[in-house]
Amino acid sequence: MTRVFTDTVLAADIAEGLARVKTLFESQLTSPFPAVNDLCRHVERYRGKMLRPTLVLVSGLAFTRETESLRSEHSIIAATVEMIHMATLVHDDVLDDAQVRRRGETVNFLRGNEAAVMLGDYLISNAFHLCSRAHDPALNLRLGEVTNTLCEGELVQLSRRHDLSLDENTYFEIVRRKTAVLVGASCELGAQLAGASTEDVVAMRQFGEHLGVAFQIQDDLLDLLGDEATVGKSILRDLEKGKLTLPMILHIARTHGAPRARALEAIEAKDSVALRDALTASGSIDAARAKAVAIVEEAKRGLPQTQRSHARELLLELADRIVARDA
Ligand code: FPP
Ligand code: MG
(Lines give C-alpha, C1' and ligand atoms only; values in the text may rest on other atoms or scores of the structure.)
(Ligands and ions follow the chains in the order given, each with its own letter.)
Protein backbone atom coordinates (compact mmCIF):
# COMPACT_ATOMS: atom_id res chain seq x y z
CA MET A 1 0.00 0.00 0.00
CA THR A 2 1.62 3.19 -1.12
CA ARG A 3 -1.18 5.72 -1.14
CA VAL A 4 -1.56 8.06 1.81
CA PHE A 5 -4.98 9.37 2.61
CA THR A 6 -4.69 13.13 3.09
CA ASP A 7 -8.03 14.73 2.12
CA THR A 8 -9.06 16.27 5.43
CA VAL A 9 -12.50 17.41 4.16
CA LEU A 10 -13.33 13.88 3.10
CA ALA A 11 -11.93 12.48 6.37
CA ALA A 12 -14.20 14.86 8.31
CA ASP A 13 -17.24 13.85 6.21
CA ILE A 14 -16.56 10.18 6.90
CA ALA A 15 -15.94 10.73 10.64
CA GLU A 16 -19.21 12.68 10.86
CA GLY A 17 -21.06 9.96 8.96
CA LEU A 18 -19.67 7.21 11.18
CA ALA A 19 -20.60 9.17 14.31
CA ARG A 20 -24.20 9.37 13.00
CA VAL A 21 -24.12 5.63 12.31
CA LYS A 22 -22.99 4.95 15.89
CA THR A 23 -25.80 7.12 17.31
CA LEU A 24 -28.43 5.50 15.10
CA PHE A 25 -27.14 2.04 15.95
CA GLU A 26 -27.29 2.67 19.68
CA SER A 27 -30.66 4.40 19.68
CA GLN A 28 -32.20 1.65 17.55
CA LEU A 29 -30.92 -1.00 19.96
CA THR A 30 -32.32 0.50 23.14
CA SER A 31 -34.72 -1.62 25.12
CA PRO A 32 -36.38 -0.98 28.49
CA PHE A 33 -35.27 -4.47 29.54
CA PRO A 34 -31.77 -4.79 31.01
CA ALA A 35 -31.71 -8.44 29.84
CA VAL A 36 -31.90 -7.15 26.27
CA ASN A 37 -29.87 -3.98 26.71
CA ASP A 38 -26.91 -5.73 28.33
CA LEU A 39 -26.56 -8.05 25.35
CA CYS A 40 -26.90 -5.16 22.87
CA ARG A 41 -24.18 -3.20 24.67
CA HIS A 42 -21.99 -6.32 24.62
CA VAL A 43 -22.45 -6.80 20.89
CA GLU A 44 -21.61 -3.16 20.18
CA ARG A 45 -18.10 -4.06 21.30
CA TYR A 46 -17.91 -6.24 18.18
CA ARG A 47 -17.89 -3.12 16.00
CA GLY A 48 -14.35 -3.07 14.70
CA LYS A 49 -13.28 -2.01 11.27
CA MET A 50 -16.77 -0.71 10.33
CA LEU A 51 -15.91 -1.76 6.78
CA ARG A 52 -19.49 -2.01 5.49
CA PRO A 53 -20.79 1.35 6.81
CA THR A 54 -17.56 3.02 5.68
CA LEU A 55 -18.13 1.63 2.19
CA VAL A 56 -21.71 2.97 2.16
CA LEU A 57 -20.47 6.43 3.15
CA VAL A 58 -17.40 6.57 0.89
CA SER A 59 -19.35 5.15 -2.09
CA GLY A 60 -21.96 7.83 -1.42
CA LEU A 61 -19.36 10.59 -1.14
CA ALA A 62 -17.72 9.39 -4.33
CA PHE A 63 -20.87 10.35 -6.26
CA THR A 64 -21.64 13.52 -4.28
CA ARG A 65 -20.37 16.97 -5.28
CA GLU A 66 -17.81 18.50 -2.87
CA THR A 67 -20.31 21.25 -2.08
CA GLU A 68 -23.05 18.79 -1.14
CA SER A 69 -23.54 16.42 1.80
CA LEU A 70 -24.61 12.85 2.13
CA ARG A 71 -28.33 12.18 2.63
CA SER A 72 -29.81 11.04 5.96
CA GLU A 73 -30.63 7.75 4.19
CA HIS A 74 -26.90 7.09 3.85
CA SER A 75 -26.53 6.97 7.64
CA ILE A 76 -29.60 4.75 7.97
CA ILE A 77 -28.34 2.26 5.39
CA ALA A 78 -24.81 2.36 6.80
CA ALA A 79 -26.15 1.51 10.28
CA THR A 80 -28.49 -1.12 8.80
CA VAL A 81 -25.74 -3.01 6.97
CA GLU A 82 -23.62 -3.00 10.13
CA MET A 83 -26.55 -4.35 12.15
CA ILE A 84 -27.17 -7.09 9.58
CA HIS A 85 -23.47 -7.92 9.78
CA MET A 86 -23.61 -8.08 13.62
CA ALA A 87 -26.64 -10.40 13.46
CA THR A 88 -24.79 -12.76 11.13
CA LEU A 89 -21.69 -12.75 13.36
CA VAL A 90 -23.71 -13.60 16.48
CA HIS A 91 -25.34 -16.53 14.67
CA ASP A 92 -22.09 -17.53 12.98
CA ASP A 93 -20.37 -17.84 16.36
CA VAL A 94 -23.08 -20.30 17.43
CA LEU A 95 -22.54 -22.38 14.28
CA ASP A 96 -18.76 -22.26 14.73
CA ASP A 97 -18.77 -22.82 18.52
CA ALA A 98 -16.53 -19.76 18.73
CA GLN A 99 -15.49 -18.38 22.11
CA VAL A 100 -13.70 -15.19 21.10
CA ARG A 101 -14.80 -12.33 18.82
CA ARG A 102 -13.10 -8.92 18.58
CA ARG A 103 -10.91 -9.81 21.55
CA GLY A 104 -13.95 -10.38 23.78
CA GLU A 105 -16.16 -13.31 24.64
CA THR A 106 -18.84 -14.35 22.15
CA VAL A 107 -22.49 -14.15 23.19
CA ASN A 108 -22.86 -17.93 22.91
CA PHE A 109 -19.84 -18.47 25.17
CA LEU A 110 -21.02 -15.86 27.66
CA ARG A 111 -24.77 -16.55 27.71
CA GLY A 112 -25.30 -19.80 25.78
CA ASN A 113 -26.63 -20.64 22.33
CA GLU A 114 -30.27 -19.85 23.11
CA ALA A 115 -29.52 -16.25 24.07
CA ALA A 116 -27.21 -15.87 21.04
CA VAL A 117 -29.83 -17.16 18.61
CA MET A 118 -32.42 -14.80 20.08
CA LEU A 119 -30.04 -11.84 20.07
CA GLY A 120 -29.19 -12.50 16.40
CA ASP A 121 -32.94 -12.53 15.67
CA TYR A 122 -33.38 -9.28 17.61
CA LEU A 123 -30.55 -7.66 15.63
CA ILE A 124 -31.86 -8.74 12.24
CA SER A 125 -35.38 -7.63 13.17
CA ASN A 126 -34.05 -4.24 14.28
CA ALA A 127 -31.95 -3.92 11.14
CA PHE A 128 -35.07 -4.08 8.96
CA HIS A 129 -37.00 -1.84 11.34
CA LEU A 130 -34.21 0.72 11.08
CA CYS A 131 -34.09 0.39 7.28
CA SER A 132 -37.86 1.08 7.16
CA ARG A 133 -37.18 4.46 8.76
CA ALA A 134 -35.76 5.54 5.36
CA HIS A 135 -39.33 5.19 3.96
CA ASP A 136 -38.10 3.61 0.74
CA PRO A 137 -39.46 0.08 0.21
CA ALA A 138 -36.86 -0.52 -2.52
CA LEU A 139 -34.12 -0.42 0.15
CA ASN A 140 -35.90 -3.03 2.29
CA LEU A 141 -36.47 -5.16 -0.78
CA ARG A 142 -32.82 -5.01 -1.82
CA LEU A 143 -31.49 -5.75 1.67
CA GLY A 144 -34.07 -8.53 2.05
CA GLU A 145 -32.62 -10.12 -1.10
CA VAL A 146 -29.16 -9.76 0.43
CA THR A 147 -30.09 -11.50 3.70
CA ASN A 148 -31.90 -14.28 1.78
CA THR A 149 -28.74 -14.83 -0.30
CA LEU A 150 -26.54 -14.72 2.77
CA CYS A 151 -28.59 -17.45 4.50
CA GLU A 152 -28.49 -19.55 1.32
CA GLY A 153 -24.70 -19.29 1.33
CA GLU A 154 -24.55 -20.48 4.93
CA LEU A 155 -27.01 -23.33 4.26
CA VAL A 156 -25.02 -24.54 1.24
CA GLN A 157 -21.82 -24.34 3.30
CA LEU A 158 -23.47 -26.34 6.08
CA SER A 159 -24.57 -29.01 3.61
CA ARG A 160 -20.97 -29.37 2.33
CA ARG A 161 -19.18 -29.60 5.68
CA HIS A 162 -16.68 -32.48 5.80
CA ASP A 163 -17.05 -32.87 2.04
CA LEU A 164 -13.55 -33.30 0.63
CA SER A 165 -14.87 -33.07 -2.93
CA LEU A 166 -15.93 -29.43 -2.54
CA ASP A 167 -14.59 -27.66 -5.62
CA GLU A 168 -13.31 -24.15 -6.22
CA ASN A 169 -16.47 -22.96 -8.04
CA THR A 170 -18.72 -24.04 -5.19
CA TYR A 171 -16.37 -22.43 -2.65
CA PHE A 172 -16.60 -19.13 -4.56
CA GLU A 173 -20.40 -19.46 -4.83
CA ILE A 174 -20.66 -19.94 -1.05
CA VAL A 175 -18.32 -17.03 -0.32
CA ARG A 176 -20.06 -14.73 -2.78
CA ARG A 177 -23.35 -15.45 -1.06
CA LYS A 178 -22.36 -15.54 2.61
CA THR A 179 -19.96 -12.57 2.58
CA ALA A 180 -19.69 -10.69 -0.71
CA VAL A 181 -23.31 -9.75 -1.39
CA LEU A 182 -23.55 -7.60 1.74
CA VAL A 183 -20.29 -5.80 0.93
CA GLY A 184 -21.50 -5.36 -2.67
CA ALA A 185 -24.83 -3.93 -1.51
CA SER A 186 -23.00 -1.47 0.77
CA CYS A 187 -21.16 0.04 -2.20
CA GLU A 188 -24.18 -0.20 -4.48
CA LEU A 189 -26.64 1.50 -2.11
CA GLY A 190 -24.16 4.21 -1.10
CA ALA A 191 -23.71 5.15 -4.77
CA GLN A 192 -27.40 4.75 -5.64
CA LEU A 193 -28.54 7.03 -2.81
CA ALA A 194 -26.12 9.67 -4.10
CA GLY A 195 -27.75 9.57 -7.53
CA ALA A 196 -25.10 7.61 -9.44
CA SER A 197 -26.10 6.28 -12.88
CA THR A 198 -27.43 2.71 -13.19
CA GLU A 199 -24.20 1.70 -14.89
CA ASP A 200 -22.10 3.11 -12.05
CA VAL A 201 -24.36 1.54 -9.40
CA VAL A 202 -23.85 -1.89 -11.01
CA ALA A 203 -20.09 -1.29 -11.22
CA MET A 204 -20.01 -0.29 -7.56
CA ARG A 205 -21.86 -3.48 -6.59
CA GLN A 206 -19.32 -5.53 -8.54
CA PHE A 207 -16.46 -3.64 -6.91
CA GLY A 208 -17.90 -4.43 -3.46
CA GLU A 209 -18.58 -8.06 -4.27
CA HIS A 210 -14.98 -8.53 -5.41
CA LEU A 211 -13.82 -6.94 -2.14
CA GLY A 212 -16.12 -9.26 -0.20
CA VAL A 213 -14.73 -12.39 -1.85
CA ALA A 214 -11.12 -11.25 -1.25
CA PHE A 215 -12.05 -10.39 2.34
CA GLN A 216 -13.35 -13.91 2.97
CA ILE A 217 -10.28 -15.57 1.42
CA GLN A 218 -8.09 -13.47 3.71
CA ASP A 219 -10.38 -14.32 6.64
CA ASP A 220 -10.01 -18.03 5.86
CA LEU A 221 -6.22 -17.67 5.65
CA LEU A 222 -6.17 -15.93 9.04
CA ASP A 223 -8.34 -18.71 10.49
CA LEU A 224 -5.73 -21.25 9.43
CA LEU A 225 -2.49 -19.31 9.88
CA GLY A 226 -3.11 -16.49 12.34
CA ASP A 227 -2.82 -16.53 16.12
CA GLU A 228 -5.85 -15.81 18.28
CA ALA A 229 -4.29 -12.82 20.08
CA THR A 230 -3.59 -10.97 16.83
CA VAL A 231 -6.69 -12.02 14.90
CA GLY A 232 -8.84 -11.29 17.98
CA LYS A 233 -11.25 -14.17 17.40
CA SER A 234 -11.30 -17.94 17.72
CA ILE A 235 -9.14 -19.51 15.03
CA LEU A 236 -9.05 -22.95 13.36
CA ARG A 237 -12.84 -22.95 13.33
CA ASP A 238 -12.94 -23.96 9.65
CA LEU A 239 -10.88 -27.08 10.26
CA GLU A 240 -12.79 -27.91 13.42
CA LYS A 241 -16.15 -27.57 11.67
CA GLY A 242 -15.12 -29.36 8.48
CA LYS A 243 -15.25 -26.23 6.27
CA LEU A 244 -12.92 -26.60 3.30
CA THR A 245 -11.30 -23.28 2.43
CA LEU A 246 -9.43 -22.11 -0.67
CA PRO A 247 -5.86 -23.27 0.18
CA MET A 248 -7.19 -26.72 1.09
CA ILE A 249 -9.30 -26.92 -2.09
CA LEU A 250 -6.37 -25.81 -4.27
CA HIS A 251 -4.06 -28.32 -2.62
CA ILE A 252 -6.50 -31.22 -3.09
CA ALA A 253 -7.05 -30.27 -6.76
CA ARG A 254 -3.40 -29.71 -7.64
CA THR A 255 -1.41 -32.35 -5.77
CA HIS A 256 -1.19 -36.12 -6.08
CA GLY A 257 0.24 -39.03 -4.12
CA ALA A 258 1.76 -38.53 -0.67
CA PRO A 259 1.39 -34.72 -0.41
CA ARG A 260 -2.31 -34.97 -1.26
CA ALA A 261 -2.85 -37.89 1.13
CA ARG A 262 -1.03 -36.07 3.95
CA ALA A 263 -3.32 -33.05 3.63
CA LEU A 264 -6.48 -35.18 3.47
CA GLU A 265 -5.37 -37.04 6.60
CA ALA A 266 -4.59 -33.77 8.37
CA ILE A 267 -8.04 -32.39 7.50
CA GLU A 268 -9.75 -35.52 8.76
CA ALA A 269 -7.63 -35.61 11.93
CA LYS A 270 -8.07 -31.81 12.38
CA ASP A 271 -4.29 -31.59 12.65
CA SER A 272 -3.62 -27.91 11.96
CA VAL A 273 0.18 -28.17 12.19
CA ALA A 274 0.39 -30.98 9.61
CA LEU A 275 -2.14 -29.21 7.40
CA ARG A 276 -0.27 -25.89 7.45
CA ASP A 277 2.97 -27.72 6.60
CA ALA A 278 1.42 -29.60 3.69
CA LEU A 279 -0.33 -26.52 2.24
CA THR A 280 2.75 -24.34 2.64
CA ALA A 281 5.01 -26.92 1.00
CA SER A 282 2.71 -27.31 -2.01
CA GLY A 283 2.42 -23.54 -2.49
CA SER A 284 -1.35 -23.67 -1.88
CA ILE A 285 -1.25 -20.97 0.81
CA ASP A 286 0.61 -18.65 -1.57
CA ALA A 287 -1.75 -19.56 -4.40
CA ALA A 288 -4.83 -18.69 -2.29
CA ARG A 289 -3.23 -15.41 -1.24
CA ALA A 290 -2.39 -14.62 -4.86
CA LYS A 291 -6.02 -15.22 -5.83
CA ALA A 292 -7.21 -12.77 -3.18
CA VAL A 293 -4.75 -10.15 -4.44
CA ALA A 294 -5.82 -10.78 -8.07
CA ILE A 295 -9.48 -10.31 -7.10
CA VAL A 296 -8.65 -7.01 -5.39
CA GLU A 297 -6.80 -5.89 -8.53
CA GLU A 298 -9.84 -6.83 -10.64
CA ALA A 299 -12.06 -4.82 -8.26
CA LYS A 300 -9.79 -1.79 -8.58
CA ARG A 301 -9.71 -2.02 -12.40
CA GLY A 302 -13.52 -2.05 -12.50
CA LEU A 303 -14.00 0.91 -10.14
CA PRO A 304 -15.83 3.58 -12.16
CA GLN A 305 -14.79 7.22 -12.41
CA THR A 306 -16.50 9.28 -9.71
CA GLN A 307 -17.41 12.87 -8.82
CA ARG A 308 -14.90 13.17 -6.00
CA SER A 309 -11.54 11.74 -6.94
CA HIS A 310 -10.34 11.62 -3.32
CA ALA A 311 -13.23 9.33 -2.39
CA ARG A 312 -12.28 7.09 -5.31
CA GLU A 313 -8.68 7.00 -4.07
CA LEU A 314 -9.90 6.01 -0.63
CA LEU A 315 -11.96 3.17 -2.12
CA LEU A 316 -8.78 1.93 -3.84
CA GLU A 317 -6.91 2.15 -0.54
CA LEU A 318 -9.66 0.27 1.31
CA ALA A 319 -9.45 -2.43 -1.37
CA ASP A 320 -5.72 -2.89 -0.73
CA ARG A 321 -6.24 -3.03 3.03
CA ILE A 322 -8.56 -6.03 2.66
CA VAL A 323 -5.69 -8.34 1.75
CA ALA A 324 -3.00 -6.57 3.81
CA ARG A 325 -4.79 -7.02 7.14
CA ASP A 326 -3.78 -9.49 9.88
CA ALA A 327 -6.95 -9.10 11.96
C1 FPP B 1 -18.55 -15.48 8.63
O2 FPP B 1 -17.99 -16.71 8.38
C3 FPP B 1 -20.01 -15.60 8.41
C4 FPP B 1 -20.71 -14.91 7.53
C5 FPP B 1 -20.07 -13.94 6.63
C6 FPP B 1 -22.17 -15.08 7.37
C7 FPP B 1 -22.86 -15.76 8.52
C8 FPP B 1 -24.32 -15.84 8.27
C9 FPP B 1 -25.17 -16.55 9.01
C10 FPP B 1 -24.74 -17.37 10.16
C11 FPP B 1 -26.62 -16.52 8.68
C12 FPP B 1 -27.37 -15.66 9.68
C13 FPP B 1 -28.18 -14.74 8.92
C14 FPP B 1 -28.93 -13.72 9.44
C15 FPP B 1 -29.68 -12.92 8.47
C16 FPP B 1 -29.02 -13.42 10.87
P17 FPP B 1 -16.65 -17.17 9.10
O18 FPP B 1 -16.98 -18.14 10.17
O19 FPP B 1 -15.74 -17.63 8.04
O20 FPP B 1 -16.07 -15.81 9.67
P21 FPP B 1 -15.45 -15.49 11.09
O22 FPP B 1 -14.02 -15.89 10.95
O23 FPP B 1 -15.60 -14.00 11.25
O24 FPP B 1 -16.16 -16.26 12.14
MG1 MG C 1 -17.07 -18.00 12.19
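For the structure itself, consult the block above.
Residues numbered from 1 in each chain as written. Chains lettered and ligands numbered in written order. Predicted model: local features only at pLDDT ≥ 70, side-chain atom pairs only at ≥ 80, totals over all residues. Heavy atoms only, no water.

K.L.:
Is there a simple way to think about the overall build of the protein chain in this case?
P.N.:
Broken down by element type, the protein chain carries 16 helices and 2 strands. Compactness check: the protein chain gives a C-alpha radius of gyration of 20 Å against a globular reference of 20 Å for 327 residues, within 12% of the reference. Projected onto the principal axes, the alpha-carbon positions of the protein chain cover approximately 65 × 50 × 30 Å. Out of the 327 residues belonging to the protein chain, those deemed buried represent 54%. Residue pairs in contact within the protein chain that sit at least 24 positions apart in sequence constitute 76% of those at least 6 positions apart. (Helix = DSSP H or I, 4+ residues; strand = E, 2+ residues; numbered from the N terminus. Rg over C-alpha atoms; globule rule 2.2 N^0.38 Å. Buried < 20%, exposed > 50% of the residue type's maximum accessible area, 1.4 Å probe, protein only. Contact = heavy atoms within 4.5 Å.)

K.L.:
Can you help me understand the pattern of salt bridges in this one?
P.N.:
Side chains that carry opposite charge are capable of pairing whenever their charged atoms lie near each other. A complete count under the given rule lists 28 salt bridges for this structure. Here Arg 101 and Asp 93 are joined by a salt bridge, their closest N and O atoms 2.8 Å apart. Like Arg 101, the residue Asp 93 is buried in the burial classification. One salt bridge in this structure joins Lys 241 and Asp 97, with 2.8 Å as the shortest N-O distance. In this pair, Lys 241 sits in the loop between helix 11 (237-240) and helix 12 (246-254) while Asp 97 sits in the loop between helix 4 (72-95) and strand 1 (100-101), placing the two residues 144 residues apart along the sequence. Residue Lys 241 is classed as buried on the basis of its relative accessible area of 17%. Taking relative accessible area as the criterion, Asp 97 reaches 43% and is therefore assigned partly exposed. Here the salt bridges share partners, and the residues they tie into one network are Glu 152, Glu 173, Arg 176, Arg 177 and Glu 209. (Salt bridge = Lys/Arg side-chain N within 4 Å of Asp/Glu carboxyl O.)

K.L.:
What am I meant to see in a nonpolar patch on the surface here?
P.N.:
A grouping of Leu 95, Leu 155 and Leu 158 is seen on the molecular surface, where their side chains present a nonpolar patch of about 260 Å² in accessible area. With respect to the helices and strands, Leu 158 occurs in helix 7 (residues 137-159). Accessibility expressed as a relative area gives 39% for Leu 158, which makes it partly exposed. (Patch = residues over 30% accessible without salt bridge, like charges linked within 9 Å, V, L, I, M, F, W, Y side chains within 5 Å. Areas by Shrake-Rupley, 256 points an atom, 1.4 Å probe, with all protein chains shown as cover.)

K.L.:
Just checking my understanding: could you explain the nonpolar core for this structure?
P.N.:
Ile 77, Leu 123, Leu 143, Ile 217 and Leu 275 are the most contacted members of the largest nonpolar core, which has 98 residues in total. Top contributing element to this core by residue count: helix 8 (residues 168-193), with 13 residues. (Core = buried A, V, L, I, M, F, W, Y, C linked by side-chain atoms within 4.5 Å.)

K.L.:
When you look at helix 16 (residues 309-324) in this model, what are you seeing that I'm missing?
P.N.:
Note that an α-helix has 3.6 residues per turn; residues three or four places apart therefore point the same way. Spanning 16 residues, helix 16 covers 23 Å between terminal C-alpha atoms, matching the ideal 22 Å at 1.5 Å per step. Buried within helix 16 are the following residues: Ala 311, Arg 312, Leu 314, Leu 315, Leu 316, Glu 317, Leu 318, Ala 319, Asp 320, Ile 322 and Val 323. Each element contacted by the buried residues of helix 16 is listed here: helix 1 (8-28), helix 3 (51-62), helix 9 (198-225) and helix 15 (284-302). (Expected span 1.5 Å × (residues − 1).)

K.L.:
Mind showing me how you'd approach the packing of helix 12 against helix 15 here?
P.N.:
The geometry of helix 12 relative to helix 15 is characterised by a closest axis approach of 8 Å and an angle of 120° between their N-to-C directions. Put simply, helix 12 runs oblique to helix 15. Two packed elements cross with a definite hand, and for helix 12 against helix 15 that hand is right-handed. Of the residues in helix 15, those in contact with Leu 246, Pro 247, Leu 250, His 251 and Arg 254 of helix 12 are Ser 284, Ile 285, Ala 287, Ala 288 and Lys 291. For the contact of helix 12 with helix 15, the per-class residue count stands at 6 nonpolar, 2 polar and 2 charged. (Axes fitted to C-alpha atoms, helices over the stretch in contact; angles between N-to-C directions. Parallel < 35°, antiparallel > 145°, perpendicular 65-115°, else oblique. Left-handed = near helix turned anticlockwise from the far one by under 90°. Nonpolar A, V, L, I, M, F, W, Y, C, P; charged D, E, K, R; others polar.)

K.L.:
Explain unusual backbone geometry to me, please; I cannot follow it from the model alone.
P.N.:
Positioned with a positive phi, Met 50 is a non-glycine residue whose angle comes to about 55°. Phi at His 135 takes a positive value of approximately 50°, unusual for a residue other than glycine. Relative to the elements of secondary structure, His 135 occurs in the loop between helix 6 (113-132) and helix 7.

K.L.:
Where do I start with the packing of aromatic side chains in this structure?
P.N.:
Working definition: an aromatic ring pair is given by the centre-to-centre distance plus the angle between the planes. Within this structure, the stated rule accounts for 1 aromatic pair. Ring centres 5.4 Å apart and planes at 80° place the aromatic pair Tyr 171 and Phe 172 in the edge-to-face group. Here Tyr 171 and Phe 172 have matching classes, each one buried. (Phe/Tyr/Trp six-rings, centres within 6.5 Å; stacked < 30°, edge-to-face > 60°.)

This is a description of form; function is not addressed.
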